[in-house]
Amino acid sequence: MRLTIARKIALAVTAIVILCVGTMAWVASSNLKRGFVAYLNELQVQDFDQLRELLEDRYRTEGNFEWLRGQPRALGDVLARMTPAQPGVRAGWRRAPSAPRPPSAAA
């Protein structure tokens, strides 16, 4: 097979297109990863702020953290009062409490 000037140009254009598509995919992927990590970090900061507020409230009520000793579910109860973080929404804004859950039947 003889490489004519037309085939050489076609191969060069094809190689450039493949290189450009690969570069664009890499740039898009890295930007998406960076943006997603920033989004996750924002949500985590909001969750920690809300947890801090809940622990502050409990400390003001109790005067210490002795309520955590010997009560493995105490921290779970505090965490259950947290609302899911939403980006752009100030931490600490709580939704209305939902109806209490019925007790589960332990076997």
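Residues numbered from 1 in each chain as written. Predicted model: local features only at pLDDT ≥ 70, side-chain atom pairs only at ≥ 80, totals over all residues. Heavy atoms only, no water.

In this section: the packing of aromatic side chains. Two measures describe an aromatic ring pair: the distance that separates the ring centres and the angle between the ring planes. Taken as a whole and judged by the stated rule, the model has three aromatic pairs. Aromatic side chains Tyr59 and Phe65 sit 5.0 Å apart centroid to centroid with 40° between the ring planes, which places their arrangement in the tilted category. Judged by its relative accessible area of 40%, Tyr59 is partly exposed. Each member of the aromatic cluster is reached from another via a ring pair, and the members are Tyr59, Phe65 and Trp67. The ring of Trp67 has Arg58 sitting right over it, with the charged end atom 4.0 Å from the ring centre. (Phe/Tyr/Trp six-rings, centres within 6.5 Å; stacked < 30°, edge-to-face > 60°. Buried < 20%, exposed > 50% of the residue type's maximum accessible area, 1.4 Å probe, protein only. Lys NZ or Arg CZ within 6 Å of the ring centre and 35° of its normal.)

Looking at the protein chain as a whole, the pLDDT averages 82, with 79% of positions reaching at least 70. The low-confidence segment residues 91-97 (pLDDT under 50) makes 13 contacts with residues lying over four places distant or belonging to another chain. (pLDDT = per-residue confidence, 0-100. Contact = heavy atoms within 4.5 Å.)

In the structure shown here, the tally under the stated rule is five salt bridges. Taking the shortest distance from any N to any O, the salt bridge between Glu56 and Arg60 comes out at 3.7 Å. A residue pair is termed a helical-turn pair when its members lie 3 or 4 positions apart in one helix, as Glu56 and Arg60 do in helix 1 (residues 5-62) at four residues. Looking at Glu56, the relative accessible area reads 33%, which means it is partly exposed. Given a relative accessible area of 59%, Arg60 falls into the exposed group. Arg69 is paired through a salt bridge with Glu66; the nearest N and O atoms lie 3.1 Å apart. On the basis of relative accessibility, which here comes to 61%, the residue Arg69 falls in the exposed class. On the accessibility criterion, Glu66 (44% relative accessible area) is partly exposed. Through salt bridges with shared partners, a single ionic network connects Arg52, Glu56, Asp57 and Arg60. (Salt bridge = Lys/Arg side-chain N within 4 Å of Asp/Glu carboxyl O. Helix = DSSP H or I, 4+ residues; strand = E, 2+ residues; numbered from the N terminus.)

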